[in-house]
Amino acid sequence: MTTTGAAVLCAVLALWWTARQERAARRARAVLAAPGGPVETWTWTGAVAPAVAARWWSRLRGRREWLCLPVAAVCALLGSSPLPLVAGAVAVPLTGRRLGAARARRERKARADGVVALCGTVAGELRAGWQPAQALAFAARTTGALGGQEAAVLAAARFGGDVPEALRRAARSDGAEGLAGMAACWQVAVDGGAGLAAGLDRLEAALRAHQEQRERLRAQLAGAWATVAVLAVLPVAGLGLGAALGARPLWVLLHTPAGLACLALGGALEAAGLWWAARIVRGGERL
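These figures come from a predicted structure and were not determined experimentally.

Chemist: Give me helix α10 (residues 222-244): which residues, what numbers.
Modeler: Every α-helical turn comprises 3.6 residues, leaving residues that sit three or four positions apart pointing alike. Its 23 residues place the ends of α10 32 Å apart at the C-alpha level, agreeing with the 33 Å of an ideal helix rising 1.5 Å per residue. Approximately 35° is the largest bend angle found in α10, and it occurs at V233, with the proline P235 only one to four residues beyond. G246 lies just past α10 and shows a positive phi near 80°.

Chemist: Residues and numbers for the nonpolar core, please.
Modeler: Within the largest apolar cluster, 35 residues are counted, with the highest numbers of intra-cluster contacts made by L118, V122, L136, L179, M182 and L200. When residues of this core are traced back to their parent elements, those giving at least two are α4 (83-127), α5 (132-143), α6 (150-158), α7 (163-170), α8 (178-192) and α9 (196-220). Looking at which element gives the most residues to this core, the answer is α4, with 7 residues. Setting aside chain neighbours within four positions, we find L118 in contact with L136, A139, A140, T143, A145, L146, L179 and M182.

Chemist: So what about the side chain of S81? Which residues, and what values?
Modeler: For S81, the location among the structural elements is in the loop between α3 (68-79) and α4. On the accessibility criterion, S81 (4% relative accessible area) is buried. A distance of 3.3 Å separates a polar atom in the side chain of S81 from the backbone nitrogen of L83.

Chemist: Let's hear about the packing of α4 against α5: which residues, and what values?
Modeler: Axis separation between α4 and α5 bottoms out at 9 Å; the angle between their running directions is 145°. Between α4 and α5 lies a crossing whose hand is right-handed. In this structure, α4 uses G114, A117, L118, T121, V122, E125 and L126 to contact α5, whose residues at the interface are P132, A135, L136, F138, A139, A140 and T143. Among the residues making up the contact of α4 with α5, the classes are represented as 10 nonpolar, 3 polar and 1 charged.

Chemist: Before we move on, can you summarise the environment of L196 with the specific residues and values?
Modeler: Looking at where L196 falls in the secondary structure, it is placed in helix α9. Here the alpha-carbon distance between L196 and W186, two residues 10 residues apart in the chain, equals 6.4 Å. When residues no more than four places from it in sequence are discounted, the contact partners of L196 are L126, P132, C185, W186 and A189.

Chemist: Can you lay out the packing of aromatic side chains for me, pointing to particular residues and giving the numbers?
Modeler: Scanning the model with the defined rule gives 2 aromatic pairs in all. Plain terms: the ring middles of W130 and F138 are 5.4 Å apart, the flat faces sit at 70° to each other, and that makes the pair edge-to-face. Taken together, a centroid distance of 5.9 Å and an interplanar angle of 45° make the contact between W275 and W276 tilted. By relative accessible area, which is 46% here, W276 ends up partly exposed.

The rules behind these values
Residues numbered from 1 in each chain as written. Predicted model: local features only at pLDDT ≥ 70, side-chain atom pairs only at ≥ 80, totals over all residues. Heavy atoms only, no water. Helix = DSSP H or I, 4+ residues; strand = E, 2+ residues; numbered from the N terminus. Expected span 1.5 Å × (residues − 1). Bend = angle between axes of the 7 residues up to and from the residue. Core = buried A, V, L, I, M, F, W, Y, C linked by side-chain atoms within 4.5 Å. Buried < 20%, exposed > 50% of the residue type's maximum accessible area, 1.4 Å probe, protein only. Contact = heavy atoms within 4.5 Å. Polar contact = N/O pair within 3.5 Å; in protein donor to acceptor, adjacent residues only side chain to side chain. Axes fitted to C-alpha atoms, helices over the stretch in contact; angles between N-to-C directions. Left-handed = near helix turned anticlockwise from the far one by under 90°. Nonpolar A, V, L, I, M, F, W, Y, C, P; charged D, E, K, R; others polar. Phe/Tyr/Trp six-rings, centres within 6.5 Å; stacked < 30°, edge-to-face > 60°.

Structural data, given as C-alpha coordinates:
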(Lines give C-alpha, C1' and ligand atoms only; values in the text may rest on other atoms or scores of the structure.)
Protein backbone atom coordinates (compact mmCIF):
# COMPACT_ATOMS: atom_id res chain seq x y z
CA MET A 1 0.00 0.00 0.00
CA THR A 2 2.85 2.39 0.82
CA THR A 3 4.49 1.74 -2.54
CA THR A 4 1.23 2.18 -4.42
CA GLY A 5 0.49 5.41 -2.61
CA ALA A 6 3.98 6.77 -3.34
CA ALA A 7 3.67 5.92 -7.04
CA VAL A 8 0.22 7.51 -7.29
CA LEU A 9 1.43 10.61 -5.44
CA CYS A 10 4.41 11.00 -7.81
CA ALA A 11 2.14 10.66 -10.83
CA VAL A 12 -0.35 13.22 -9.48
CA LEU A 13 2.42 15.71 -8.66
CA ALA A 14 3.94 15.29 -12.11
CA LEU A 15 0.60 15.87 -13.84
CA TRP A 16 -0.16 18.88 -11.62
CA TRP A 17 3.22 20.47 -12.33
CA THR A 18 2.92 19.90 -16.09
CA ALA A 19 -0.62 21.26 -16.11
CA ARG A 20 0.53 24.37 -14.28
CA GLN A 21 3.31 24.92 -16.83
CA GLU A 22 0.84 24.44 -19.68
CA ARG A 23 -1.57 26.90 -18.08
CA ALA A 24 1.19 29.51 -17.74
CA ALA A 25 2.19 29.03 -21.37
CA ARG A 26 -1.40 29.43 -22.53
CA ARG A 27 -1.81 32.60 -20.49
CA ALA A 28 1.34 34.02 -22.04
CA ARG A 29 0.09 33.19 -25.53
CA ALA A 30 -3.24 34.81 -24.72
CA VAL A 31 -1.55 37.99 -23.49
CA LEU A 32 0.72 38.19 -26.54
CA ALA A 33 -2.06 37.37 -29.01
CA ALA A 34 -3.10 39.95 -31.55
CA PRO A 35 -6.01 42.21 -30.55
CA GLY A 36 -9.29 40.76 -31.67
CA GLY A 37 -7.77 37.32 -32.24
CA PRO A 38 -9.03 34.11 -30.66
CA VAL A 39 -8.19 33.74 -27.00
CA GLU A 40 -7.36 30.30 -25.70
CA THR A 41 -9.20 29.20 -22.58
CA TRP A 42 -7.68 26.78 -20.11
CA THR A 43 -9.72 23.66 -19.73
CA TRP A 44 -8.47 20.23 -18.77
CA THR A 45 -10.62 18.37 -21.27
CA GLY A 46 -10.04 18.60 -24.99
CA ALA A 47 -6.90 20.74 -25.10
CA VAL A 48 -4.72 20.49 -22.02
CA ALA A 49 -4.73 16.72 -21.54
CA PRO A 50 -3.28 16.02 -25.02
CA ALA A 51 -0.86 18.92 -24.55
CA VAL A 52 0.31 17.47 -21.23
CA ALA A 53 0.80 14.06 -22.82
CA ALA A 54 2.67 15.58 -25.78
CA ARG A 55 4.87 17.63 -23.47
CA TRP A 56 5.78 14.62 -21.36
CA TRP A 57 6.47 12.56 -24.47
CA SER A 58 8.76 15.23 -25.94
CA ARG A 59 10.65 15.52 -22.68
CA LEU A 60 11.05 11.77 -22.37
CA ARG A 61 12.34 11.61 -25.94
CA GLY A 62 14.94 14.27 -25.17
CA ARG A 63 15.86 12.88 -21.74
CA ARG A 64 15.44 9.15 -22.05
CA GLU A 65 17.14 8.49 -18.72
CA TRP A 66 13.91 9.55 -16.98
CA LEU A 67 12.29 6.40 -18.33
CA CYS A 68 14.06 4.63 -15.46
CA LEU A 69 11.50 6.09 -13.05
CA PRO A 70 8.32 4.62 -14.60
CA VAL A 71 10.08 1.28 -15.05
CA ALA A 72 11.11 1.38 -11.40
CA ALA A 73 7.56 2.32 -10.39
CA VAL A 74 6.19 -0.72 -12.23
CA CYS A 75 8.75 -2.97 -10.53
CA ALA A 76 7.87 -1.41 -7.18
CA LEU A 77 4.17 -2.09 -7.71
CA LEU A 78 4.84 -5.67 -8.80
CA GLY A 79 7.19 -6.34 -5.92
CA SER A 80 5.29 -4.29 -3.31
CA SER A 81 8.52 -2.62 -2.19
CA PRO A 82 9.95 0.91 -2.41
CA LEU A 83 13.46 -0.39 -3.18
CA PRO A 84 12.98 -0.33 -6.98
CA LEU A 85 12.00 3.34 -6.75
CA VAL A 86 15.27 4.10 -4.95
CA ALA A 87 17.19 2.10 -7.53
CA GLY A 88 15.40 3.94 -10.34
CA ALA A 89 16.27 7.32 -8.83
CA VAL A 90 19.93 6.26 -8.59
CA ALA A 91 19.88 4.92 -12.15
CA VAL A 92 18.67 8.23 -13.66
CA PRO A 93 22.00 10.13 -13.44
CA LEU A 94 24.03 7.02 -14.31
CA THR A 95 21.91 6.35 -17.38
CA GLY A 96 22.09 10.03 -18.29
CA ARG A 97 25.88 9.86 -18.27
CA ARG A 98 25.87 6.79 -20.50
CA LEU A 99 23.43 8.38 -22.95
CA GLY A 100 25.44 11.60 -22.91
CA ALA A 101 28.60 9.66 -23.73
CA ALA A 102 26.79 7.93 -26.60
CA ARG A 103 25.60 11.29 -27.94
CA ALA A 104 29.13 12.66 -27.69
CA ARG A 105 30.45 9.71 -29.70
CA ARG A 106 27.83 10.27 -32.40
CA GLU A 107 28.65 13.97 -32.55
CA ARG A 108 32.35 13.18 -32.75
CA LYS A 109 31.80 10.83 -35.66
CA ALA A 110 29.57 13.35 -37.46
CA ARG A 111 32.21 16.06 -36.96
CA ALA A 112 34.96 13.81 -38.31
CA ASP A 113 32.82 13.00 -41.37
CA GLY A 114 32.26 16.73 -41.85
CA VAL A 115 36.01 17.41 -41.81
CA VAL A 116 36.56 14.80 -44.54
CA ALA A 117 33.76 16.35 -46.60
CA LEU A 118 35.21 19.82 -45.99
CA CYS A 119 38.60 18.83 -47.39
CA GLY A 120 37.06 17.25 -50.48
CA THR A 121 34.72 20.17 -51.13
CA VAL A 122 37.45 22.81 -50.77
CA ALA A 123 39.74 20.86 -53.12
CA GLY A 124 36.97 20.52 -55.69
CA GLU A 125 36.09 24.20 -55.59
CA LEU A 126 39.75 25.18 -55.91
CA ARG A 127 40.03 23.09 -59.06
CA ALA A 128 36.88 24.81 -60.35
CA GLY A 129 38.74 28.13 -60.21
CA TRP A 130 37.55 29.59 -56.90
CA GLN A 131 39.82 31.48 -54.56
CA PRO A 132 40.78 29.66 -51.33
CA ALA A 133 38.71 31.98 -49.13
CA GLN A 134 35.63 31.56 -51.34
CA ALA A 135 36.08 27.78 -51.50
CA LEU A 136 36.48 27.55 -47.73
CA ALA A 137 33.39 29.70 -47.10
CA PHE A 138 31.25 27.62 -49.45
CA ALA A 139 32.50 24.32 -48.04
CA ALA A 140 32.04 25.44 -44.43
CA ARG A 141 28.43 26.44 -45.05
CA THR A 142 27.77 23.19 -46.93
CA THR A 143 29.34 20.72 -44.49
CA GLY A 144 29.11 22.54 -41.15
CA ALA A 145 32.41 20.96 -40.10
CA LEU A 146 33.81 24.06 -38.37
CA GLY A 147 31.11 24.15 -35.69
CA GLY A 148 31.33 27.12 -33.35
CA GLN A 149 34.60 28.29 -34.91
CA GLU A 150 33.08 28.81 -38.35
CA ALA A 151 32.69 32.58 -37.99
CA ALA A 152 36.29 33.04 -36.79
CA VAL A 153 37.76 30.88 -39.56
CA LEU A 154 35.72 32.53 -42.30
CA ALA A 155 36.54 36.01 -41.00
CA ALA A 156 40.24 35.17 -41.05
CA ALA A 157 39.95 33.84 -44.60
CA ARG A 158 37.90 36.78 -45.86
CA PHE A 159 39.92 39.62 -44.29
CA GLY A 160 43.43 38.22 -44.62
CA GLY A 161 43.83 36.89 -41.10
CA ASP A 162 45.74 33.90 -39.81
CA VAL A 163 43.67 31.10 -41.30
CA PRO A 164 45.96 28.24 -40.16
CA GLU A 165 45.78 29.40 -36.54
CA ALA A 166 41.98 29.68 -36.75
CA LEU A 167 41.83 26.15 -38.17
CA ARG A 168 44.06 24.88 -35.35
CA ARG A 169 41.71 26.39 -32.80
CA ALA A 170 38.79 24.70 -34.52
CA ALA A 171 40.72 21.41 -34.49
CA ARG A 172 40.59 21.37 -30.68
CA SER A 173 36.98 20.20 -30.84
CA ASP A 174 36.47 16.51 -30.32
CA GLY A 175 36.40 14.78 -33.71
CA ALA A 176 37.75 17.78 -35.65
CA GLU A 177 41.43 16.85 -35.31
CA GLY A 178 41.72 16.61 -39.10
CA LEU A 179 41.46 20.40 -39.29
CA ALA A 180 45.02 20.57 -37.95
CA GLY A 181 46.17 18.83 -41.14
CA MET A 182 44.14 21.28 -43.17
CA ALA A 183 45.85 24.13 -41.32
CA ALA A 184 49.24 22.65 -42.20
CA CYS A 185 48.26 22.38 -45.88
CA TRP A 186 47.06 25.99 -45.85
CA GLN A 187 50.29 27.15 -44.20
CA VAL A 188 52.48 25.35 -46.72
CA ALA A 189 50.41 26.67 -49.62
CA VAL A 190 50.69 30.26 -48.37
CA ASP A 191 54.39 30.18 -47.41
CA GLY A 192 55.81 27.89 -50.05
CA GLY A 193 53.41 28.30 -52.95
CA ALA A 194 52.50 24.60 -53.03
CA GLY A 195 49.22 23.43 -54.48
CA LEU A 196 46.54 23.57 -51.79
CA ALA A 197 44.13 21.32 -53.70
CA ALA A 198 46.68 18.51 -54.02
CA GLY A 199 47.50 18.66 -50.32
CA LEU A 200 43.83 18.60 -49.37
CA ASP A 201 43.28 15.62 -51.64
CA ARG A 202 46.00 13.66 -49.86
CA LEU A 203 44.66 14.75 -46.47
CA GLU A 204 41.14 13.65 -47.42
CA ALA A 205 42.43 10.26 -48.56
CA ALA A 206 44.34 9.78 -45.29
CA LEU A 207 41.39 10.79 -43.12
CA ARG A 208 39.01 8.59 -45.08
CA ALA A 209 41.37 5.60 -44.79
CA HIS A 210 41.59 6.17 -41.04
CA GLN A 211 37.79 6.28 -40.75
CA GLU A 212 37.41 3.11 -42.79
CA GLN A 213 39.88 1.36 -40.53
CA ARG A 214 37.90 2.41 -37.45
CA GLU A 215 34.66 1.24 -39.07
CA ARG A 216 36.17 -2.17 -39.78
CA LEU A 217 37.32 -2.38 -36.17
CA ARG A 218 33.84 -1.50 -34.92
CA ALA A 219 32.36 -4.18 -37.16
CA GLN A 220 34.74 -6.74 -35.71
CA LEU A 221 33.82 -5.67 -32.17
CA ALA A 222 30.06 -5.93 -32.84
CA GLY A 223 30.08 -9.51 -31.55
CA ALA A 224 31.70 -8.40 -28.30
CA TRP A 225 29.08 -5.69 -27.85
CA ALA A 226 26.36 -8.29 -28.44
CA THR A 227 27.88 -10.38 -25.64
CA VAL A 228 27.76 -7.37 -23.32
CA ALA A 229 24.10 -6.79 -24.20
CA VAL A 230 23.26 -10.45 -23.51
CA LEU A 231 24.98 -10.21 -20.13
CA ALA A 232 22.85 -7.16 -19.30
CA VAL A 233 19.58 -8.88 -20.28
CA LEU A 234 20.21 -12.26 -18.60
CA PRO A 235 19.10 -11.20 -15.06
CA VAL A 236 15.86 -9.75 -16.43
CA ALA A 237 15.25 -12.94 -18.38
CA GLY A 238 15.88 -14.97 -15.23
CA LEU A 239 13.32 -12.94 -13.29
CA GLY A 240 10.78 -13.37 -16.07
CA LEU A 241 11.38 -17.12 -16.18
CA GLY A 242 10.99 -17.38 -12.42
CA ALA A 243 7.75 -15.41 -12.51
CA ALA A 244 6.44 -17.65 -15.30
CA LEU A 245 7.17 -20.70 -13.14
CA GLY A 246 5.28 -19.17 -10.21
CA ALA A 247 8.35 -18.72 -7.97
CA ARG A 248 7.63 -15.01 -7.19
CA PRO A 249 11.28 -13.90 -7.62
CA LEU A 250 10.58 -10.23 -6.94
CA TRP A 251 8.95 -11.06 -3.61
CA VAL A 252 11.88 -13.26 -2.61
CA LEU A 253 14.46 -10.67 -3.63
CA LEU A 254 12.74 -7.69 -2.01
CA HIS A 255 11.18 -9.16 1.14
CA THR A 256 13.56 -11.82 2.50
CA PRO A 257 17.04 -11.37 4.03
CA ALA A 258 18.56 -14.00 1.75
CA GLY A 259 16.91 -12.40 -1.27
CA LEU A 260 18.18 -8.93 -0.36
CA ALA A 261 21.67 -10.29 0.09
CA CYS A 262 21.49 -12.06 -3.28
CA LEU A 263 20.11 -8.92 -4.87
CA ALA A 264 22.94 -6.75 -3.53
CA LEU A 265 25.66 -9.25 -4.41
CA GLY A 266 24.21 -10.04 -7.82
CA GLY A 267 23.73 -6.36 -8.67
CA ALA A 268 27.32 -5.60 -7.70
CA LEU A 269 28.67 -8.51 -9.75
CA GLU A 270 26.48 -7.61 -12.72
CA ALA A 271 27.63 -3.99 -12.65
CA ALA A 272 31.28 -5.01 -12.30
CA GLY A 273 30.98 -7.50 -15.15
CA LEU A 274 29.32 -5.01 -17.49
CA TRP A 275 31.88 -2.34 -16.63
CA TRP A 276 34.79 -4.70 -17.22
CA ALA A 277 33.40 -6.03 -20.50
CA ALA A 278 32.66 -2.53 -21.78
CA ARG A 279 36.16 -1.42 -20.73
CA ILE A 280 37.73 -4.26 -22.71
CA VAL A 281 35.68 -3.43 -25.81
CA ARG A 282 36.39 0.30 -25.51
CA GLY A 283 40.08 -0.49 -25.22
CA GLY A 284 39.87 -2.46 -28.44
CA GLU A 285 38.15 0.46 -30.20
CA ARG A 286 40.92 2.84 -29.16
CA LEU A 287 43.66 0.66 -30.70
